[in-house]
Amino acid sequence: MDTILDPVTFEFDKDVPMQARDIVVSVPTITLQDTVAKAVQVMALGRLPGLIVVDDKGKPAMVLPGSQVLRLVVPATYQSEPALAHTIDEEEADRFWLEPSARTVGQCLPDKIGKVVTVSPDANLLEIAAAMALARSPLVAVAEKDGELVGAITIEALATSLAIAGLGA
């Protein structure tokens, strides 16, 4: 693997095209059987903009942007009628997520789930950006042709790479 970007000095080799494999990072994943509380904890502690849900073989099944992870903990009543949240006292409002947090991710997902957002390790920056934009996701999974998860690319990593690539132009 060619080193294109030195994270300490930010040296950029403009003669070597940047690919997903150059900016991919290892991220913790969750399964449909994990609790919603665990999902929120993994996202928060990992400082991630979303989560990758893997199947029982460890292959990406779906990518949940952070807004969709939060949707798992907000009771459906308040999702359909947000003004109701204003009627709840502060103490209760701080604990709104405790009840759904014990349920599994699979139990709390909406009926319609989009396609898993993946790119191959050799995807270029435009392919990565297009996948994120189309899916409205700040996170994409990087997977081999056989579906094996390599890692993820966050919007922050992509934006940094685009900015640095622009500096080398």
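The preceding data block contains the structure.
Residues numbered from 1 in each chain as written. Predicted model: local features only at pLDDT ≥ 70, side-chain atom pairs only at ≥ 80, totals over all residues. Heavy atoms only, no water.

### Quick notes on the overall build of the protein
Reasoning step 1: In terms of regular secondary structure, the protein is built from 9 helices and 5 strands.
Reasoning step 2: Start at the N end of the protein and walk to the C end: the helices and strands fall as α-α-β-β-α-α-α-α-α-β-α-β-β-α.
Reasoning step 3: Relative to its 169 residues, the protein shows a buried fraction of 31%.
Reasoning step 4: The long-range fraction of contacts in the protein, counting pairs at least 24 apart against all pairs at least 6 apart in sequence, stands at 53%. (Helix = DSSP H or I, 4+ residues; strand = E, 2+ residues; numbered from the N terminus. Buried < 20%, exposed > 50% of the residue type's maximum accessible area, 1.4 Å probe, protein only. Contact = heavy atoms within 4.5 Å.)

### Points about the pairing of strand β4 (residues 139–143)
Reasoning step 1: For β4, the tally of buried residues reaches 5 of 5 residues, placing the bulk of the element in the interior.
Reasoning step 2: Every second residue of β4 is oriented toward a common face, with L139, A141 and A143 on one face and V140 and V142 on the other, all of them buried.
Reasoning step 3: Across 2 bridges, the pairing between strand β3 (residues 118–119) and β4 is parallel. Along β4, the bridge assignment pairs V119 with V142.
Reasoning step 4: After leaving β3, the chain enters helix α8 (residues 125–135) and then returns to the sheet as β4, a path that is right-handed.
Reasoning step 5: The pairing of β4 with strand β5 (residues 149–154) spans 5 bridges and is antiparallel. Bridge assignment links V142 to a residue of β5, and that residue is G151.
Reasoning step 6: As consecutive antiparallel partners, β4 and β5 are separated by 5 residues, and within that stretch G147 has a phi angle of approximately 95°, a positive value. (Pairing = 2+ DSSP bridges. Right-handed = clockwise from strand over helix to strand, strands pointing away.)

### A short note on the nonpolar core
Among soluble globular proteins, nonpolar side chains are generally buried collectively.
Reasoning step 1: The biggest cluster of nonpolar side chains holds 37 residues, and the ones touching the most others in it are L51, I52, L64, V119, I128, V140 and I153.
Reasoning step 2: The residues touching I128, leaving out its near neighbours within four places in the chain, are A20, I23, V119, A123, V140, I153 and L158. (Core = buried A, V, L, I, M, F, W, Y, C linked by side-chain atoms within 4.5 Å.)

### Structural notes on the side chain of T154
Reasoning step 1: Along the chain, T154 turns up in strand β5.
Reasoning step 2: Classification of T154 by relative accessible area gives buried; the value is 14%.
Reasoning step 3: Excluding residues within four positions of it along the chain, T154 makes contact with P49, M132, P138 and L139.

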